[in-house]
Amino acid sequence: LAGFLSSPEQCIECPAGTSCSVGSAEPKPCLPGSFAASAGTESCDLCLAGTFQEVEGQTACNVCTDGYCPIGSANPISCEIGAGLDHTQVDRLGATGPESCVCKPGYYALAPSTTESAEAVTCRVCPSGTDCAAAGTTLQTLPIARGFYRTSADSVDLRRCPGAHSTQCTVP
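Residues numbered from 1 in each chain as written. Predicted model: local features only at pLDDT ≥ 70, side-chain atom pairs only at ≥ 80, totals over all residues. Heavy atoms only, no water.

**Q** Mind showing me how you'd approach the overall build of the protein here?
**A** Secondary structure assignment for the protein yields 0 helices and 12 strands. Every one of the 172 residues in the protein was classed for burial, and the buried ones make up 30%. Considering only contacts in the protein between residues 6 or more positions apart, those separated by 24 or more positions represent 29%. (Helix = DSSP H or I, 4+ residues; strand = E, 2+ residues; numbered from the N terminus. Buried < 20%, exposed > 50% of the residue type's maximum accessible area, 1.4 Å probe, protein only. Contact = heavy atoms within 4.5 Å.)

Here's what the structure looks like:
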């Protein structure tokens, strides 16, 4: 029969990056999102969460850098496009899911409401009087610029300090 091995002499060892199921005549390249690290593999392994492989026939997966990668990822998933979370980026290399998405510099995150998914993050433009130079700023960690104060830790109600050239002030 064509496509099947008929004697042990026809056996070949599958090269790394491919798989050979029992009875197959040809090695099959591992699909994107999977790999075979060594030769003689019967089936390819899925890329672990936090890694991806976009090319077929590979021996390893790459660390996820520009997005997050669930198990078996062929490409990183963008926080903004893939997860639909505007003004976000991942907070670390090897991110595994949308819970790793944080607000980009210049934006701050509102605390998720009880009706939203715990993974959802809503980012807002940092108001005047703040200094949001770092990614991952939240309402609670909102850095207040010199010469301003906040009425409470969970408010964006910022006010200018009394006095034209004041660099420090206290809440009235």
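**Q** Sorry if this is basic, but what is going on with the nonpolar core here?
**A** A general tendency of soluble globular proteins is for nonpolar side chains to be buried together. By size, the foremost hydrophobic cluster in this structure holds 11 residues: Y68, C79, L85, V90, A95, C101, C103, Y107, A109, V121 and C123. For this core, the secondary structure elements donating two or more residues are β8 (101-103) and β9 (107-110). Those residues within four positions of C123 in sequence are excluded, and the remaining contacts are D86, H87, T88, C103, Y107 and Y108. Counting 5 residues, the second largest nonpolar core, distinct from the first, contains Y108, C126, C132 and L142. (Core = buried A, V, L, I, M, F, W, Y, C linked by side-chain atoms within 4.5 Å.)

**Q** Mind showing me how you'd approach unusual backbone geometry here?
**A** When glycine is set aside, most residues are seen to have a negative phi, and most peptide bonds are trans. We note that H87 has phi near 60°; this positive angle belongs to a residue other than glycine. In this fold, H87 is placed in the loop between β6 (62-63) and β7 (88-90).

**Q** Help me out: how do you make sense of the side chain of R150 in this one?
**A** Topologically, R150 is positioned in strand β11 (residues 148-150). It is D154 that comes nearest to the buried, bridge-free R150 among opposite-charge side chains, at 6.5 Å. A distance of 3.0 Å separates a polar atom in the side chain of R150 from the backbone oxygen of L139. Engagement of the side chain of R150 in a polar contact is seen with the backbone oxygen of S152, the distance being 3.1 Å. (Lys, Arg positive; Asp, Glu negative; His and termini not counted. Salt bridge = Lys/Arg side-chain N within 4 Å of Asp/Glu carboxyl O. Polar contact = N/O pair within 3.5 Å; in protein donor to acceptor, adjacent residues only side chain to side chain.)

**Q** Where do I start with the state of the cysteines in this structure?
**A** In a disulfide, the sulfur atoms of two cysteines are covalently bonded to one another. Following the criterion strictly, the structure yields 7 disulfides and no others. With a sulfur-sulfur separation of 2.1 Å, C64 is cross-linked through a disulfide to C69. Judged by the sign of its S-S torsion, about 70°, the bond between C64 and C69 is right-handed. For the pair C64 and C69, one class covers both residues: buried. (Disulfide = S-S within 2.5 Å.)

**Q** Please explain the pattern of salt bridges as it appears in this structure.
**A** Pairing of side chains with opposite charge becomes possible as their charged atoms draw close. Taken as a whole and judged by the stated rule, the model has 3 salt bridges. Across the salt bridge formed by R92 and D91, the nearest N and O atoms sit 2.7 Å from each other. Given the relative accessible area of 42%, R92 is considered partly exposed.

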